[in-house]
Amino acid sequence: MTATTEKPAVETPAQRASEEQPAEKKPAAKKSSPTKKAAARKASPKGTTEASKKAPAASSASSASSDAAERRMHRQDESQEQAETSASTPLATPLDLLLADAGTGPLRRFVPGVSGIKFTAGLVRHPGKVVRRTTGLAAELTRVGLGRSRLAPAEKDRRFTEEAWARNPLFKRTLQGYLALGEAARGLVDDAALEWGDDQRIRFIMDNLVEAAAPSNNPFLNPKVIKRTLDTGGGNLVEGGRRLVRDFATPPRVPSMVEADAFEVGKDIAVTPGAVVFRTDVFELIQYTPQTPKVREVPVLIVPPTINKYYVIDLAEQRSLVEHLVQSGQQVFCISWRNPDVRHADWGLDTYGQAILEAMSACEDISRQDKTAIFGICSGGMIASMVLAHLARTDQLDRVAAYSLAVTVLDQERAGVTSALLSHKSAAASTQASKEKGYLDGRTLAEIFAWLRPNDLIWNYWVNNYLMGHAPKAFDILYWNADPVRMSAAMHRDFMDLAIRNALVEPDAASILDTPVDLSKVTTDTYVVAGIADHLCKWESCYQTTQLLGGDTKFVLSTSGHIAAMVNPPGNPKASFQTSPSGGGQQGTDNPADAAAWLSQAVKVKGSWWDDWTGWLAERTGEEKTKPRRLGNASHEPLADAPGTYVHDR
C-alpha cells in the first residue's frame, strides 16, 4: 500500500459551514515475470476471442442460476400482501428502479397504490395537523389576495426570473398562490407520518404534481411566453407545436434536450486520439495515444457504464477525463460496449465480467505488464467490483494495481426515493417484459431518467421548446445523455436480482463467473468519487463502498451531480471537493461507518478531483518509462481509429 505523500490545502468543517454457494478456491499461480504472465493471458488480436464466443454459451450453461433469479422475483407475486410488504422495504439503487420502470413504463410510478391508502389513513389519524395545515393555507392565500404575502421562489429557481413575476400584481399573486399551495401539499406528506418507503413514494408523486402545476408551464400564465407570443404573432406556438409532435412521435416521449445533429461523435466529441486495438462481439478496446514523452508503466483500464456510451469521459477538448489522464502521463485504455439487440439477449453478468478480464489481458499484453489499474463508472463499476472479488477468490487480485470507482452504488439499501419505488412485483414484471423483447430499450430508460428531475429535464424544455419555440442549446453532456444504448434481457435480469436481494452486501450471496462474490476480500487501494447533488446515486449510498471493500479506500465528494461529478475539469475557480482530513483513506480511521459522521469531519479542497485522482494514480501505476512508439502490438494491431465503430451503433 502506498500512502498519500502530500496533504492538500484544506478548509476546516467550521470554515466550510459558513460557506455552504461457495466455489472451490483455485490454487495460486506461481510468480513469474510481468512479460511471461501477460503472455500467458494474451488474447487473440482480431475478431472475436474464443472466450467471447463462449460467453453466450456460458450464459446458457448457467440457465439454472438464471431461472433461480427469476423465481426469486416472481415468487413475490404469490400474494398481494407479500408484494405490498416488499414494496415498503428499501430494495434498490436508482439504477435498478430505472431498469424496472423501463421494462414496464413510467406511468406506474405515478400510481400511489397501497402507499396512497396509507397516506389517506395517516391524515385521518392526525386530523389536528390537517386542520392546522388547511387553516394556515387559507390564511396565506388571504395574505396573497391582499398583497401582504412574503412568499417568494428560491433564489436559484430559474423558472421565475422574469421581472414580471415580482412586479406585476397579477403574476405575483399567481406565483405566491402556487407557492402556498405547493408548500401545503408537501406539508401534508409530513403530516401523514408515513414509514420511509411510503413517504418517499408519496413525496415523489406530490413533488411531480406540484412541479407540473407551476404557472410557468402554462402559456397563459407565463409572462415571458405571453410577450414572445405577442412579438411573433403566435409563431412561437406554431413552431413549438411542430417540435412537440416530432418529439412525442417516437420514444423517448419527452422534450428534446439537444438537437439530434448538434454534435458528431468522433468529430466534435470523443476526439482524443487513439485506436481500437482489440475487438470482440461484446466490446471494443480503445488505446489512447500518449501525449507525454514518458508514461507510467501500469496501464489504466476504464470500464464505463453498460447502459450508456463510453464517451461521457471523452467529451470536448479540455472537458475530457481521458485527455486529462493521457496528459498526466498515464497509459489509458477504455472499453466501448457494443449496443446489444435481440441477438444478444443472453448476455448477462458473466458475459460482461469475462469481457473485463479479456480487456485486462489485452492491456497487460500490450503494455508488457502483469497489472492494470481499473476505473469503473456507475453500472460498469458494479460489474468491475464483482470481477475484482472473482480475482481475489482465485488468487489473482495482484493483477489490479489500483481500483477507482465513480458514482457507483454497491450497497443498495435506502438509496433514495427511487429505491423506495421498487418492489419485487414490479421487478418481476419488468424482467419478464425485457425477456419477451430480448432487451431493454435505452430510449425508454432515458424517458424514465428525465422524470427523476422534472424541473430541469422536462418542464425547462417544455417551456423553451414548445412555449417559446426555441431550439434547445447544444450541450455535449445532454447529447451524450440522448444517445442511449440497450441492455440485454439477461443483464437486466441479473441487475434486478442483485437489487432485490442487495446481494453485494452479503458475502457469497452473489456470484460471477462461477465464483462467489465477497467484496471484503478486495484489498486493493481504492479511490471512490461521488456527487453531493447526485439524484441518481446518492452520495451516502456510494460512501457505503468504504465499508464493503477490504482495503484502504479514499472517498472524495464532488460538489456536482451524477454526470457533472465525472465531467469536472481543472480550471474552474469555483470547483472543490471534500475528503478526509488526512487526505487519505486508511481503513478504520478515515472512513467511519456513518456517512454523516464522515461529512462532519471532512475538509474542503479547492480545485478539481481530477488532479487529486491523477496524483493518487501516479503513486500506484509504477515508474515512468519512455512512451510506446506505436499503439497496440504485433498481436493487437490497430483495427480502427478512436472512437471505433461500436460507439456509432444505434
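All values derive from a computational prediction rather than experimental measurement.

Student: Can you walk me through the overall build of the chain in this structure?
Tutor: Helix and strand counts for the chain come out as 26 helices and 18 strands. Residue burial in the chain is summarised as follows: out of 650 residues, 56% are buried. Total accessible area computed for the chain in this model is approximately 27400 Å², and 53% of it derives from carbon and sulfur atoms.

Student: Sorry if this is basic, but what is going on with the packing of helix α16 (residues 379-393) against helix α22 (residues 489-501) here?
Tutor: Contact geometry of α16 with α22 gives a least axis separation of 13 Å together with a crossing angle of 75°. Here α16 is positioned roughly perpendicular relative to α22, judged by the angle of their axes. Where α16 approaches α22, its residues S379, M382, I383 and M386 are matched on the opposing element by M491, F495 and L498. In the contact of α16 with α22, the residues fall into six nonpolar, one polar and no charged.

Student: Got a minute to help me understand empty space enclosed by the protein in this structure?
Tutor: Vacant regions in the atomic arrangement are exposed by a probe of water-molecule size rolled over the atoms. In this structure, the largest cavity spans a volume of roughly 230 Å³. I307, N308, F449, W480 and N481 are, among the 19 residues lining the largest cavity, the residues nearest its centre. When contributions to the lining of the largest cavity are tallied by element, the ones reaching two or more residues are α19 (442-450) and α21 (476-481). It is α19 that contributes the most residues to the lining of the largest cavity, four residues altogether. Partitioned by chemical class, the residues of the lining of the largest cavity number 15 nonpolar, four polar and no charged. Taken as a whole, the second largest cavity holds about 40 Å³ of empty space. Considering the residues around the second largest cavity, the lining is formed by N308, K309, Y310, S336, W337, V485 and V647. Broken down by class, the residue content of the lining of the second largest cavity amounts to four nonpolar, two polar and one charged.

Student: Help me understand the packing of aromatic side chains in this model?
Tutor: Two descriptors summarise a pair of aromatic rings, namely the distance from one centre to the other and the angle between the planes of the rings. Inspection of every chain in the model, using the stated rule, returns 21 aromatic pairs. Taken together, a centroid distance of 5.2 Å and an interplanar angle of 90° make the contact between F160 and W165 edge-to-face. Each member of the pair, F160 as well as W165, carries the same accessibility label: buried. Considering the side-chain rings of W347 and Y352, the 6.3 Å spacing of their centres and the 80° angle between planes classify their relative orientation as edge-to-face. The residues W347 and Y352 share a single accessibility class, namely buried.

Student: In this structure, what is going on with the pattern of salt bridges? I would like to understand it.
Tutor: Pairing between side chains of opposite charge can happen when the charged atoms of each approach one another. Summed over all chains, the structure comprises 32 salt bridges. Put simply, E259 and R246 hold a salt bridge, and the shortest N to O gap is 3.9 Å. Of this pair, E259 sits in the loop between α13 (235-249) and β2 (274-279) while R246 is found in helix α13, placing the two residues 13 residues apart along the sequence. Using a relative accessible area of 22% as the deciding quantity, one classes E259 as partly exposed. A single network of salt bridges, built from pairs that share partners, joins E239, R242, R243, R246 and E259.

Student: When you look at the side chain of S434 in this model, what are you seeing that I'm missing?
Tutor: Along the chain, S434 falls in helix α18 (residues 424-437). Looking at S434, the relative accessible area reads 1%, which means it is buried. Residues in contact with S434, not counting those within four places in the same chain, are Y439, L440, A489 and H492.

Student: What is the right way to read the nonpolar core from this model?
Tutor: Core analysis: the largest hydrophobic core is formed by 124 residues, its most contacted members being L285 and Y311. With ten residues, helix α15 (residues 349-367) is the largest single contributor of residues to this core. When sequence neighbours within four positions are dropped, the list of residues in contact with L285 reads A275, V276, V277, F278, L301, F333, C334, I335, A359, A362 and C363. In terms of nonpolar packing, the next biggest core, distinct from the first, is built from 16 residues, F160, L175, V210 and A214 among them.

Student: How should the pairing of strand β15 (residues 576-579) be read in this particular structure?
Tutor: Every regular strand shows the same layout, with side chains that alternate between the two sheet faces. Every second residue of β15 is oriented toward a common face, with S576 and Q578 on one face and F577 and T579 on the other, all of them buried. Summarising the sheet, strand β14 (residues 553-558) and β15 pair through two bridges and their orientation is antiparallel. Within the sheet, the bridge partner assigned to S558 lies in β15 and is F577. The sheet contact formed by β15 and strand β16 (residues 603-606) spans four bridges and is antiparallel. Within β16, the residue paired with Q578 across the bridge is K604.

Student: Explain α15 to me, please; I cannot follow it from the model alone.
Tutor: The α-helix winds at 3.6 residues per turn, so residues separated by three or four positions along the chain end up facing the same way. Counted at 1.5 Å a residue, the expected span for α15 with its 19 residues is 27 Å, and the 27 Å between its end C-alpha atoms agrees. For α15, a buried count of 18 out of 19 residues is recorded, marking the element as mostly surrounded by other parts of the structure. R368 sits one or two positions beyond α15 and adopts a positive phi of about 55°.

Student: It is not clear to me how helix α12 (residues 223-232) should be interpreted in this structure. Could you clarify?
Tutor: Sitting at the amino-terminal end of α12 is N222, which places a side-chain oxygen 3.0 Å from the backbone nitrogen of K224. Immediately beyond the C-terminal end of α12, within one or two residues, lies G233, with a positive phi of roughly 65°.

Student: Explanation requested: the state of the cysteines in the structure shown.
Tutor: Using the criterion set out here, one finds zero disulfides in the structure. C378 takes part in no disulfide bond, and the closest cysteine sulfur to it belongs to C537, at a distance of 4.5 Å. Take C378: its relative accessible area is 6%, and that puts it in the buried class. Residue classification places C537 among the buried residues on the basis of a relative accessible area of 3%.

Student: Looking at this structure, how should I read the layout of surface pockets?
Tutor: Its volume calculated, the largest pocket comes out at about 1800 Å³. In terms of lining, the largest pocket is formed by 49 residues, of which the most central are R158, R453, N455, D456 and N460. Looking at the lining of the largest pocket, the elements that each hand over two or more residues are α11 (196-212), α20 (454-467) and α21. In terms of residue class, the lining of the largest pocket is built from 22 nonpolar, 14 polar and 13 charged. Computed from the structure, the second largest pocket encloses a volume of approximately 770 Å³. P251, P252, R443, A482 and P484 are the residues nearest the centre of the second largest pocket, which is lined by 28 residues in total. Every element with two or more residues in the lining of the second largest pocket is listed here: α13, α19 and α21. At three residues, the largest contribution of residues to the lining of the second largest pocket is made by α19. Looking at the lining of the second largest pocket residue by residue, the classes come out as 13 nonpolar, five polar and ten charged.

Student: Can you walk me through the packing of α12 against α13 in this structure?
Tutor: Helix-helix packing: each pair is described by the crossing angle between the helix axes and the interaxial distance. Viewed as axis vectors pointing N to C, α12 and α13 meet at an angle of 105°, and their least axial separation amounts to 6 Å. The orientation of α12 relative to α13 falls into the category roughly perpendicular. Along the contact surface, α12 presents V225, R228, T229 and T232, while α13 presents G235, N236 and L237. Among the residues forming the contact of α12 with α13, the class breakdown is two nonpolar, four polar and one charged.

Quick notes on the rules
Once a new chain begins, its residue numbering starts again from 1 and follows that chain's sequence as written. Reporting in this predicted model follows two pLDDT cut-offs: at least 70 for local features of residues, and 80 or more for side-chain atom pairs to be given and counted; totals over whole chains, interfaces and linings ignore these cut-offs and use all residues. As a rule here, side-chain values come from all non-hydrogen atoms in the structure, and water together with hydrogens is ignored. Numbering of helices and strands runs from the N terminus, with a helix taken as a DSSP run of H or I at least four residues long and a strand as a DSSP run of E at least two residues long. Remark: exposure states derive from per-residue accessible area (1.4 Å probe, protein chains only) relative to the maximum for the residue type, with buried under 20%, exposed over 50%, and partly exposed in between. For the accessible areas, the method is Shrake-Rupley and the probe is 1.4 Å, while residue cover comes only from the protein chains on display. Axis lines are fitted to C-alpha atoms, over the contacting stretch for helices. Their N-to-C directions set the angle, which ranges from 0 to 180 degrees. Roughly parallel covers angles under 35 degrees, roughly antiparallel covers those over 145, roughly perpendicular covers 65 to 115, and oblique covers all other angles. Contact between two residues is taken to exist if any of their heavy atoms lie within 4.5 Å; hydrogens are not considered. Three classes are used: nonpolar for Ala, Val, Leu, Ile, Met, Phe, Trp, Tyr, Cys and Pro, charged for Asp, Glu, Lys and Arg, and polar for all others, with Gly counted as polar. Grid spacing is 1 Å over the protein atoms alone, the probe is 1.4 Å, and a cavity is where that probe fits but cannot get out, while a pocket is an open set with protein on both sides within 12 Å along at least five of seven lines and lining residues have an atom within 4 Å of a point. Grid points are joined across faces, edges and corners, and a volume is the space filled by probe spheres set on the points. The rule is short: rings of Phe, Tyr and Trp, with Trp giving its six-membered ring, pair when the centres are within 6.5 Å, and they are stacked under 30 degrees, edge-to-face over 60, tilted in between. Salt bridges are defined as contacts in which a side-chain nitrogen from Lys or Arg sits within 4 Å of a carboxyl oxygen from Asp or Glu. Remark: nonpolar core denotes a set of buried residues (Ala, Val, Leu, Ile, Met, Phe, Trp, Tyr, Cys) joined through side-chain atoms within 4.5 Å. At least two DSSP bridges between two strands are needed for those strands to be called paired. Residue count minus one, scaled by 1.5 Å, sets the expected span of a helix. In the analysis that follows, any N or O atom pair within 3.5 Å is treated as a polar contact, provided that within protein one partner can donate a hydrogen and the other can accept it, and provided that, for residues neighboring in sequence, both atoms belong to side chains. Throughout, a disulfide means two cysteine sulfur atoms within 2.5 Å of one another.

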